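# Residue-level structural notes
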Amino acid sequence: AQKVTQAQTEISVVEKEDVTLDCVYETRDTTYYLFWYKQPPSGELVFLIRRNSFDEQNEISGRYSWNFQKSTSSFNFTITASQVVDSAVYFCALSPNYGGATNKLIFGTGTLLAVQP
Amino acid sequence: EAQVTQNPRYLITVTGKKLTVTCSQNMNHEYMSWYRQDPGLGLRQIYYSMNVEVTDKGDVPEGYKVSRKEKRNFPLILESPSPNQTSLYFCASSLQGSAYNEQFFGPGTRLTVL
């Protein structure tokens, strides 16, 4: 089965707190891609990161960091020193290799992050 | 500016009244697809197209049609909309159909079927 699980439906933090959004995936493919998207209240999808299955290095971009662990099939996202502008729904997604076809994205159900001032 | 556009952005309609949501990309992408977003379900793929005149079903194709007569356009057609098709719809495109290619999303179309 190809599946993405975001067990945290909603998270509420106070500004400047660190917060980690969990993502667990299932796939039978050895080559795949993982993504995080942000959906602010305005509704558009904002691409945050893409990681391929061969690259397990953690990545940091400003206040954002991602921890990819193949052994636990997880691709967690941490926001350091959260800000009100981080309030959004965050989606984790999987793009299985499917032998190179379809480029289908399998999304998790999303985590609503509310950052209180 | 490279982009995916959708029209309309908001639509309220009634059951059974045929409608079309347009999607256009200016990046000469081969692959295009439609997703719907529903609360608690995330985004699910409706249809996709690997290239002109090549379309196939995604996970939730019932009640929808698509066509790909030109490379840049991929309209989503609801022949007889029903209230369970009330949703937020996203069009996406990528250079090719392999998982390697990043998908670019349109701004979304919020559809309400009464």
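Here goes a summary of the coordinates provided.

For the rest of this paragraph, the subject is unusual backbone geometry. Cis geometry marks the peptide bond from Asn7(B) to Pro8(B); its omega dihedral reads -5 degrees. Relative to the helices and strands, Pro8(B) resides in the loop between β1 (4-7) and β2 (10-13). If you check the backbone angles, Lys16(A) has positive phi at about 85 degrees while not being a glycine. Along the chain, Lys16(A) falls in the loop between β2 (10-14) and β3 (19-21). A relative accessible area of 69% means that Lys16(A) is categorised as exposed. The backbone phi angle of Glu53(B) is positive, close to 65 degrees, even though this residue is not glycine. Following the sequence through the fold, Glu53(B) ends up in the loop between β5 (42-51) and β6 (54-57).

So, on to a nonpolar patch on the surface. Taken together, Ile12(B), Val14(B) and Leu114(B) make up a surface patch of nonpolar side chains, about 320 Å² in accessible area. By relative accessible area, Leu114(B) is classed as exposed at 60%.

What counts, and at which threshold
- Residues numbered from 1 in each chain as written.
- Chains lettered and ligands numbered in written order.
- Predicted model: local features only at pLDDT ≥ 70, side-chain atom pairs only at ≥ 80, totals over all residues.
- Heavy atoms only, no water.
- Helix = DSSP H or I, 4+ residues; strand = E, 2+ residues; numbered from the N terminus.
- Buried < 20%, exposed > 50% of the residue type's maximum accessible area, 1.4 Å probe, protein only.
- Patch = residues over 30% accessible without salt bridge, like charges linked within 9 Å, V, L, I, M, F, W, Y side chains within 5 Å.
- Areas by Shrake-Rupley, 256 points an atom, 1.4 Å probe, with all protein chains shown as cover.
- Salt bridge = Lys/Arg side-chain N within 4 Å of Asp/Glu carboxyl O.

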